[in-house]
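Listed below are the residues making up each chain.
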Amino acid sequence: MTSRRLLMLGPPGAGKGTQSARLAEELGIPQIATGEMLRAAVAAGSEVGKKAKARMDTGDLVPDSVVIGVAEERLSQPDVAAGFILDGFPRNRAQAEALDGMLPKLGCTLECCIVLAADVEVLVKRLLKRAEIEGRSDDNETSIRNRMAVYDEKTAPLIEYYNAKNILVEVDGLGEIDEVAARIAAAIG
Ligand code: AMP
């Protein structure tokens, strides 16, 4: 099997984490989730965590220099040779360009950018429900609305960025987890 180098894009709550974890498991490749890595850094009280916490709590993006460092470090680990799925990185154009600079050093290119499309109001409801279950410190309505606005302004333009590279596939992210997973599988072949 050839190694897969995938990127999952989509608004907060669209199921990027769930679908990425599932794909990673099925394909035997690591899921690289910057949000998870940053939450771990906050929990550990590391320097990265200290720089990230306030921005994460308000739903703003953590500074590019911090996130790009975290992503680059993770992408330099040997398990990435098997392929990878990026989940939550890049989130703006500067990060996408930084990633473009990293991949040649790894001797690979991005193969496919999967966009999970979903209605914003459905997502806000979904995230509020997750807030009750998981108690994430950024899952309150103010932060959720801000994360949606940040997505629209900073991250959504990446759809065009990857479309221009001819690696974009858009998948309807609404529905049962299994249904969405089947759509993704069909879309990436
Ligand atoms: P997530 O788990 O992907 O929803 O990310 C949670 C939070 O972590 C985001 O709201 C941001 O504050 C921060 N974060 C995660 N990934 C990035 C990134 N690539 N760039 C900037 N901030 C990020």
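Reference entry: report on the structure contained in this document. A quick note: this is a predicted structure, and the numbers were derived from the prediction, not measured.

## Side note on the sheet that holds strand S3 (residues 83–87)
Then, number 1: Across the sheet, which stays open at both edges, the five strands sit in the order S2-S3-S1-S4-S5 with parallel pairing between neighbours. Looking at strand neighbours, the two that pair on one side only are strand S2 (31–33) and strand S5 (168–172), the edges of this open sheet. Each adjacent strand pair in this sheet contributes to an overall mean axis angle of 20°, direction not counted.
Then, number 2: Bridge analysis of strand S1 (residues 4–9) against S3 gives five bridges, and the strand direction is parallel. Residue pairing for S3: Met-8 is matched across the bridge by Asp-87.
Then, number 3: Lying over the sheet, helix H2 (residues 34–44) contacts S2 and S3, oriented at roughly 60° with respect to S2.

## Some details on helix H1 (residues 16–27)
Then, number 1: Taking 1.5 Å of rise per residue, twelve residues should cover 16 Å, and H1 covers 16 Å from first to last C-alpha, within 8% of that figure.
Then, number 2: Taken as a whole, H1 has its buried residues at Lys-16, Gln-19, Ser-20, Leu-23, Ala-24 and Leu-27. Buried residues of H1 fall within an arc of 135° about the axis and therefore sit on the same side. Projecting away from the buried face of H1 at angles above 90 degrees are the exposed residues Glu-25 and Glu-26.
Then, number 3: In this fold, the buried residues of H1 make contact with S1, S2, S3, strand S4 (112–117) and helix H9 (177–188).

## A few points about helix H7 (residues 141–155)
Then, number 1: A rise of 1.5 Å per residue sets the reference length of H7, with its 15 residues, at 21 Å; its end C-alpha atoms lie 20 Å apart and thus fit the reference within 8%.
Then, number 2: Along H7, the positions that sit buried rather than exposed are Ser-143, Ile-144, Arg-147, Met-148, Val-150, Tyr-151 and Thr-155. Angularly, the buried residues of H7 cover 165° about the axis, an arc narrow enough to put them on a single face. The exposed residues of H7 that point more than 90 degrees off its buried face are Thr-142 and Glu-153.
Then, number 3: Looking at the buried residues of H7, the elements they touch are S1, helix H3 (47–58), helix H6 (120–134) and helix H8 (157–163).

How each quantity is defined
Residues numbered from 1 in each chain as written. Predicted model: local features only at pLDDT ≥ 70, side-chain atom pairs only at ≥ 80, totals over all residues. Heavy atoms only, no water. Pairing = 2+ DSSP bridges. Helix = DSSP H or I, 4+ residues; strand = E, 2+ residues; numbered from the N terminus. Axes fitted to C-alpha atoms, helices over the stretch in contact; angles between N-to-C directions. Contact = heavy atoms within 4.5 Å. Expected span 1.5 Å × (residues − 1). Buried < 20%, exposed > 50% of the residue type's maximum accessible area, 1.4 Å probe, protein only. Arc of directions from axis to C-beta.

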